[in-house]
Amino acid sequence: MSIDYLALDEELDQEDYIICEYTVKSDLNIKTAGKRIAEEESTGTWTHPTTLSEDIFKNYGAKVTKAQGNRVRIGYPVIDFSGDIGGIPQILSIIAGNLFGLESLEGVRLVQLELPSEIVKQYPGPQFGITRLRNILDRPEKPLVGTIVKPKIGLPPKEFADYVYQAGRGGLTNSKDDETLVDQDFCPLEERVSEVSEKLDILEEEGYKMIHAHNISTTSHKILEAADLALENGARQLMIDVLTVGFSGLQALAEDPSVDVPIHVHRAMHGAITKNPHHGISMSVISKIVRMAGGDALHIGTYGTGKMHAEVDEELKCKETLLGDMHGLPKLMPVASGGLHPGLVPELIKMSGMEVQIQAGGGVSGHPDGVRSGAKALRQAVDAVSEGVDLKEYAEKHRELRKALEKWM
Ligand code: RUB
């Protein structure tokens, strides 16, 4: 019987396979390592099953088409993903499943995912995406400018809403709950949404357009209920921590007709999956799945300018994943967040371009003159860079920005 998962240099039709690239760290030679992954994730196991026929292998077996250096390229036949029920969980169970636990592989990292249009077309993707998000805010070109209400937890609803109001008066277009705040006793979701919505209405009457993303991260059987609660109380944007909730929670929200607001996607916990260069799943692969699942804005990092660990090339790849063509799916907004302040905006925009939502928590609330001044300083920094004016020069005539630069630069 000829069963060999190695099909080196065979050109696979991109419409017939999900194709993945992995980097591998192992004492095995790279071809054997590739075969181990392909067999484990398709028709094989650690030994030859007597039930495996040549026909089964031919139709459903994965193929290792490249095995060079520390990299393998594996194609999984599209039929392995067929049926109406499996969806993203099933895709992940194959391309990112048992392989990570194989004893013979010290490390495996899924670094690239190529999907046939037949599969991508099963997903409506972002319902708002960049275009509708920008329309809501009446901000067609320049970066969106946002804050994260700080401290992460602890403010009661009225004070929380006042933070949002001050940020809006300072000229920010966006604000959001932090990833650890959901429905705690000191700031219940219902009351928080209602207080924030009231402030957003006032801001609108005063001529300031702003939205706030409310974190409704919860168990999957409660996610639509939480969304309803937030929407009934006037939420203009929802947020979920996609990795703790699961991609299916995001998809359930995005595809539910009652959810008629954009979804902001935080990636808390991604470091456990993305940070080890020899093991895990790259953020650009996660970005692709979030785009399929229907996120409208996704955290992808600050290109090394902020407080969080960064692989700049990977973040550029994430940007491309959100903004490039993906079989016609709408684009979603890349969010830069984590340790940002006005002084970092020039460096950041150099990398991100204008298609970005810039967010600062400490970099707004830590301003010596408080939240409104912090918001003004951040907005001034974004205005300066968007207009091609040197930040220091701009700061000479903008007190809030000047004070922020004095504190943080
Ligand atoms: C931001 C913050 C966020 C980070 C996470 O607060 O804590 O949760 O955005 O980073 P601050 P990432 O502005 O005070 O640092 O978005 O890269 O996952």
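Conventions adopted
- Residues numbered from 1 in each chain as written.
- Predicted model: local features only at pLDDT ≥ 70, side-chain atom pairs only at ≥ 80, totals over all residues.
- Heavy atoms only, no water.
- Domains from an automatic or database assignment.
- Contact = heavy atoms within 4.5 Å.
- Buried area = accessible area lost by both parts, 1.4 Å probe.
- Salt bridge = Lys/Arg side-chain N within 4 Å of Asp/Glu carboxyl O.
- Polar contact = N/O pair within 3.5 Å; in protein donor to acceptor, adjacent residues only side chain to side chain.
- Helix = DSSP H or I, 4+ residues; strand = E, 2+ residues; numbered from the N terminus.
- Pairing = 2+ DSSP bridges.
- Axes fitted to C-alpha atoms, helices over the stretch in contact; angles between N-to-C directions.
- Near = heavy atom within 4 Å.
- Areas by Shrake-Rupley, 256 points an atom, 1.4 Å probe, with all protein chains shown as cover.
- 1 Å grid on protein atoms, 1.4 Å probe; cavity = no way out; pocket = protein on both sides within 12 Å on 5 of 7 lines; lining within 4 Å.
- Sits in = over half its atoms within 2 Å of the grid points.
- Nonpolar A, V, L, I, M, F, W, Y, C, P; charged D, E, K, R; others polar.
- Buried < 20%, exposed > 50% of the residue type's maximum accessible area, 1.4 Å probe, protein only.
- Right-handed = clockwise from strand over helix to strand, strands pointing away.
- Points joined across faces, edges and corners; volume = space filled by probe spheres on them.

(A) Seen up close, the domain arrangement of the protein chain. If you check the domain split of the protein chain, you get domain 1 (17-120) and domain 2 (129-408). Measuring from the centre of the C-alpha atoms in domain 1 to the corresponding centre in domain 2 gives 35 Å. In this assembly, 20 residues from domain 1 lie in contact with 22 residues from domain 2. For the pair domain 1 and domain 2, the two sides together bury roughly 1700 Å², of which 65% comes from carbon and sulfur. The largest contributions to the domain 1 side of the interface with domain 2 come from Ile88, Arg109 and Val120, which together make up 38% of the buried area. Inspection of the region where domain 1 meets domain 2 yields zero salt bridges. The interface formed by domain 1 and domain 2 includes eleven residue pairs in polar contact (both at pLDDT 80 or more). Those elements giving two or more residues to the side of domain 1 that touches domain 2 turn out to be β1 (17-25), α3 (87-95), β4 (107-114) and α4 (117-120). Ranked by residue count, the leading element in the side of domain 1 that touches domain 2 is β4, at seven residues.

(B) Structural context of the sheet that holds strand β3 (residues 71-77). The strand order across the open sheet built from five strands is β2-β3-β1-β4-β10, with neighbouring strands paired in mixed fashion. Of all the strands in the sheet, the pair left with one neighbour each is β2 (63-68) and β10 (280-281). Alignment of β2 against β3, held across five bridges, turns out to be antiparallel. Residue pairing in the sheet places glutamine 68 in a bridge with arginine 71 of β3. Sheet strands in contact with helix α12 (residues 283-293) are β4 and β10, and its direction is about 45° off that of β4.

(C) Region of the structure containing the site of the ligand. Residues in close proximity to the ligand total 16 residues, the closest being Arg267, His299, Ser337, Gly339 and Gly362. Here an oxygen atom of the ligand sits 2.9 Å away from a polar atom, N or O, in the side chain of lysine 150. Look at the ligand: alone it shows 460 Å² of surface, and the protein chains cover 94% of it. Among the detected pockets, the ligand sits in the largest pocket. Across the shell around the ligand, the residue classes break down as three nonpolar, seven polar and six charged.

(D) Local environment of the pattern of salt bridges. Taken as a whole, this structure holds 22 salt bridges when the rule is applied. Linking glutamate 106 and lysine 25 is a salt bridge whose minimum nitrogen-to-oxygen distance equals 3.4 Å. Residue glutamate 106 is found in the loop between α3 and β4, and its partner lysine 25 is found in strand β1; the two are separated by 81 residues along the sequence. By relative accessible area, which is 59% here, glutamate 106 ends up exposed. Residue arginine 379 is joined to aspartate 383 by a salt bridge in which the shortest nitrogen-to-oxygen separation is 3.3 Å. With a gap of four residues between them, arginine 379 and aspartate 383 both fall in helix α16 (residues 371-386), about one helical turn apart. Here aspartate 383 falls in the buried class, since its relative accessible area comes to 13%. Three or more residues joined by partner-sharing salt bridges are found here, namely Glu21, Arg71, Arg73 and Glu114.

(E) Structural context of the pairing of strand β8 (residues 237-241). With five of five residues buried, β8 lies mostly within the body of the structure. Of the two faces of β8, the one lined by Gln237, Met239 and Asp241 and the one lined by Leu238 and Ile240 are each fully buried. With helix α8 (residues 223-232) bridging strand β7 (residues 211-215) and the parallel β8, this β-α-β connection has right-handed handedness.

(F) Summary view of the layout of surface pockets. Counted as a void, the largest pocket has a volume near 580 Å³. Looking at the lining of the largest pocket, the elements with two or more residues in it are α11 (270-274), α13 (312-323), β12 (333-337), β13 (357-360) and α15 (362-365). Broken down by element, the residue count for the lining of the largest pocket peaks at three residues, all from α11. The residue makeup of the lining of the largest pocket, split by class, is ten nonpolar, 14 polar and twelve charged. By volume, the second largest pocket is sized at about 360 Å³. Along the walls of the second largest pocket sit 20 residues, with Leu113, Glu114, Leu115, Lys288 and Asp325 positioned nearest its centre. Going through the elements one at a time, β4, α12 and α13 are the ones with two or more residues in the lining of the second largest pocket. Here the lining of the second largest pocket is built from residues that sort into seven nonpolar, six polar and seven charged.

(G) Local environment of unusual backbone geometry. Here lysine 150 and proline 151 are connected by a cis peptide whose omega angle stands at 0°. With respect to the secondary-structure elements, proline 151 resides in the loop between β5 (144-148) and α6 (157-169). A positive phi is found at aspartate 138, a non-glycine position, where the angle reads about 55°. Here aspartate 138 lies in the loop between α5 (129-137) and β5. Of the residues examined, aspartate 138 reaches a relative accessible area of 58% and is grouped as exposed. You will see that tyrosine 303, though not glycine, has its phi angle at about 55°, which is positive. The class for tyrosine 303 is buried, based on a relative accessible area of 7%.

(H) Structural view of the environment of alanine 96. In this structure, alanine 96 sits in the loop between α3 and β4. Residue class for alanine 96 comes out buried when judged on its relative accessible area of 17%. Residues alanine 96 and lysine 403, 307 residues apart in the sequence, show an inter-C-alpha distance of 48 Å. Setting aside chain neighbours within four positions, we find alanine 96 in contact with Ile91, Leu110 and Ile281.

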